[in-house]
Amino acid sequence: MKIKLSVFCILFSILNSTKAQTIVRGPYLQLTSDSSITIKWRTDIAASSKIMYGLSFSNQNLTIEDLNPSIDHSINLPGLAHETTYFYSVYGNGNLLEGSTSNYFRTPTLQGSEKKLKFWITGDCGTGTPAQTLVKNEFLNYVQSDTLDGWLLLGDNAYSYGLDTEYQARFFEPYQNDRIMKQTPILPCPGNHDYGNAAGYQNNQSLAYYQIFDLPQLGQLGGLPTYTEAYYSYNIGNVHFVSLDSYGRETAANYRLSDTLGPQMTWLKQDLATNTQKWTILYWHHPPYTMGSHNSDTETELRYIREKALPLIEQYHVDLILCGHSHNYERSKLMKGNFGLETTYDPNVHEIEHSSGFYDGSPNSCPYTKMTNAQNEGIIYVVAGAAGQNGPEKTTFPHDAMPFSNGSHAGSLYLEIEGDRLDSKWIADDGNIYDKFTIFKDKGPSEEIINLPKNATTLTLNSPDAAHTLWSAYPNQILSQIAVYNPLNGMQFHVKDSLGCFEHTFKIQIPDTCKQAQSVNNIIDSLSVLNVSTSETINASSVILNPTNSSFSAAKNIVLEPGFMIKEGIFEALIGGCVNN
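Residues numbered from 1 in each chain as written. Predicted model: local features only at pLDDT ≥ 70, side-chain atom pairs only at ≥ 80, totals over all residues. Heavy atoms only, no water.

1. Thoughts on the state of the cysteines
For clarity, the cut-off: Pairs of cysteine sulfur atoms within 2.5 Å are identified as disulfides in what follows. Strands are runs of DSSP state E lasting at least 2 residues, helices are runs of H or I lasting at least 4, and numbering of each runs from the N terminus. Note on exposure labels: buried denotes an accessible area under 20% of the residue type's maximum, exposed denotes more than 50%, and partly exposed covers the range between, all computed with a 1.4 Å probe on protein chains only.
Within this structure, the stated rule accounts for two disulfides. Across the disulfide from cysteine 366 sits cysteine 501; the S-S distance is 2.0 Å. Note on the cysteine 366 and cysteine 501 pair: the S-S dihedral is about -90°, so by sign convention the disulfide is left-handed. Linking cysteine 366 in the loop between α8 (347-350) and β15 (368-370) with cysteine 501 in the loop between β25 (492-497) and β26 (503-509), this pair joins segments that are 135 residues apart in sequence. Along the protein chain, the cysteines that take part in disulfide bonds pair up as 1-2, 3-4, counted in sequence order. Residue cysteine 125 stays outside any disulfide, its sulfur separated by 10 Å from that of cysteine 189, the closest cysteine. Exposure remark for cysteine 125: the relative accessible area of 0% places this residue in the buried category. Its sulfur unpaired, cysteine 189 is 7.9 Å from the next cysteine sulfur, which belongs to cysteine 323.

2. What to know about the pattern of salt bridges
Note the cut-off: Should a side-chain nitrogen of Lys or Arg be within 4 Å of a carboxyl oxygen of Asp or Glu, the pair is scored as a salt bridge.
Inspection of the entire model under this criterion finds 23 salt bridges. Between glutamate 351 and lysine 333 there is a salt bridge, with its nearest N and O atoms 4.0 Å apart. Of this pair, glutamate 351 sits in the loop between α8 and β15 while lysine 333 sits in the loop between β14 (329-331) and α8, and the two are 18 residues apart along the sequence. In this structure, the salt-bridge partner of glutamate 447 is lysine 507, at a minimum N-O distance of 3.2 Å. Linking glutamate 447 in strand β21 (residues 446-451) with lysine 507 in strand β26, this pair joins segments that are 60 residues apart in sequence. Ionic contacts of the salt-bridge type, sharing partners, join the residues Arg25, Arg42, Asp72 and Asp164 into one network.

3. Observations regarding the packing of aromatic side chains
Spelled out, the test is: Only the six-membered ring of Trp is used, alongside the rings of Phe and Tyr, when aromatic pairs are assigned; centres must lie within 6.5 Å, and planes under 30 degrees apart are stacked while those over 60 apart are edge-to-face, with the rest tilted. We call a charge positioned above a ring when the Lys NZ or Arg CZ atom is no farther than 6 Å from the ring centre and deviates by at most 35 degrees from the ring normal.
Counted by the stated rule, this structure contains 35 aromatic pairs. When the ring of tyrosine 195 is compared with that of tyrosine 247, the centres are 5.8 Å apart and the planes differ by 45°; the resulting orientation is tilted. Within this pair, whereas tyrosine 195 is found in the loop between β9 (186-188) and α5 (208-212), its partner tyrosine 247 is found in the loop between β11 (239-243) and α6 (263-274), the two being separated by 52 residues in sequence. Using a relative accessible area of 7% as the deciding quantity, one classes tyrosine 247 as buried. Ring centres of tyrosine 359 and phenylalanine 440 lie 5.8 Å apart, and the angle between their planes is 85°; this geometry places the pair in the edge-to-face category. Residue tyrosine 359 is located in the loop between α8 and β15, and its partner phenylalanine 440 is located in strand β20 (residues 433-441); the two are separated by 81 residues in the primary sequence. Like phenylalanine 440, tyrosine 359 is buried. One Lys or Arg, lysine 441, reaches over the ring of tryptophan 279 and ends 4.3 Å from the middle of that ring.

4. Re the side chain of threonine 438
Rules: In the analysis that follows, any N or O atom pair within 3.5 Å is treated as a polar contact, provided that within protein one partner can donate a hydrogen and the other can accept it, and provided that, for residues neighboring in sequence, both atoms belong to side chains. Only heavy atoms matter for contacts: two residues are in contact if any of them lie within 4.5 Å across the pair.
Inspection of the secondary structure puts threonine 438 in strand β20. Separated by 2.5 Å, the side chains of threonine 438 and aspartate 423 make a polar contact. The contacts of threonine 438, once residues within four sequence positions are left out, are Gly357, Phe358, Tyr359, Pro367, Tyr368, Arg421, Leu422 and Asp423.

5. Focus on the environment of alanine 410
Mapped onto the secondary structure, alanine 410 falls in the loop between β17 (404-406) and β18 (411-418). Look past the residues within four positions of alanine 410 in its chain and what remains in contact with it is Ala131, Val135, Ala386, Gln389, Asn390, Trp426, Ala428 and Asp429.

6. Things to note about the side chain of aspartate 435
Within the secondary structure layout, aspartate 435 lies in strand β20. Within the local environment of aspartate 435, its side chain forms a polar contact with the side chain of arginine 331, the two groups lying 2.9 Å apart. What aspartate 435 contacts, discounting residues up to four positions off in sequence, is Tyr329, Arg331, Phe358, Phe404, Ser424, Lys425 and Trp426.

7. Overview of the sheet that holds β17
Rules: Only strands that DSSP links by at least two bridges are regarded as paired with each other. The convention used is that axes are lines fitted to C-alpha atoms, helices contributing only their stretch in contact, and that angles between N-to-C directions extend from 0 to 180 degrees.
On the basis of which strands lie adjacent, the open sheet formed by seven strands has the order β10-β11-β12-β13-β16-β14-β17 and mixed pairing. Both edges of this open sheet fall to β10 (232-236) and β17, since each of them pairs with a single strand only. The sheet shows a mean angle of 15° between the axes of neighbouring strands, direction not considered. Two elements, β10 and β11, share five bridges in a ladder whose sense is antiparallel. The residue of β11 that forms the bridge with isoleucine 236 is valine 239. Lying on the sheet, α6 is in contact with β10, β11 and β12 (279-283); it crosses β11 at an angle near 180°.

Here's what the structure looks like:
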């Protein structure tokens, strides 16, 4: 019998190895670092694992292989170049299972870089409903072929109990055949449904969520190590992300996110205190402000986070907090200091800026502004838990602190961050953008001193960035630069962005010198202070805008030529001039 059984096992193994395998899950990307990435997938039968990869689709000359047969496969690719695109193909038992021009990834943008970043954020997405597919399709229609830097999940990623079979049917199957899963690292946080939607599982980190996702608990991509996959942080470009666990219980005394002395909050304080990135974004499942499908006044998990965790978080450099749980969309203005019930919210007290933040030319729509290193300048809170379904809402929807909302559509969030600018768009299941906002860092009124030599004859002033295009000296013209001929000491030029939200001032300084003759043939912008003095003649054909203070002094002649105009301000012309030594 033993011999027959051995022969049977050998024959079964041979037949199994020759049977065609099929990928039933993934491939999907995990555990990125500056120089490595992990590719995971599942096959219908046990097989060996191999990834071939390279710098082009036609030249995948590198191989990593695991000969141990399994249905769940995980291959880490080490030694990757920074900010580089790699194409890959997936093999099982030596057979090509998947490999097309859509199978590629790009290693993360270097930490601290100001390059443009793009992120997809889905909350409560794993429903398996038609709305989930519509949201995905409309998002892909919007971004077209753009490569994303990360896909953030806001919890409840597979309904209703976070089982492996539910992840398969309601997360992987709706997404895995689209390029976004093949190309984009997934960076989730857990929700109550990922914990089985039951208090008895809140200490269980052997659930499907923890088996499916490999997360940077060792600080592989920046941030402080946590040594747990329940919460973690990472840096991509100039953004510091923190993923928190708002439902699970920690091993020490069953602490949770709202327990400020627990391990998670102790780590968070240390992580935020050591963060040096320009932007800081936190995300977890349970929102502190919502009147959507959940009520943040009556549900203790939400209320305790607002009352206990937010006062601590608001002490640090945090720009944006993203949550799910309510199956709708709600968004605040830049706000701080509201930790009570909805009725305690006072926009005159708690809003740092009253603008809509749309930055589209509509009334009161200038972007929110913050300083890079300043603390407690307010946070924007977003509830985006409608990636798989929408509604219902409470009768008081939206929450008073969340004036921008949508309960009629499912949708997802799209973030773009470049240098000192962050843009958020909520893209609905019908393709429309029902809310958007912009934040700028270090973009208040600014001033630049231009020091010129005494013999300068021409100067070109360039707009500080692409958005600054309206020069007060040249109204109704959109100009990226202006030319200044025969620049004068004391000239000022003012430029605003096309929507009139930001102003930059150039001030010209030239060493005092006595010239024989001087032509004043520029537009003299407002607030300029000119003291023009010559040993012979001044010829002036300028338009002097208001208000200015201009004094012309020449030993012999001051000629006010046709076109010379003073709109408002102080102007004097004196015969006296200066003396050349």
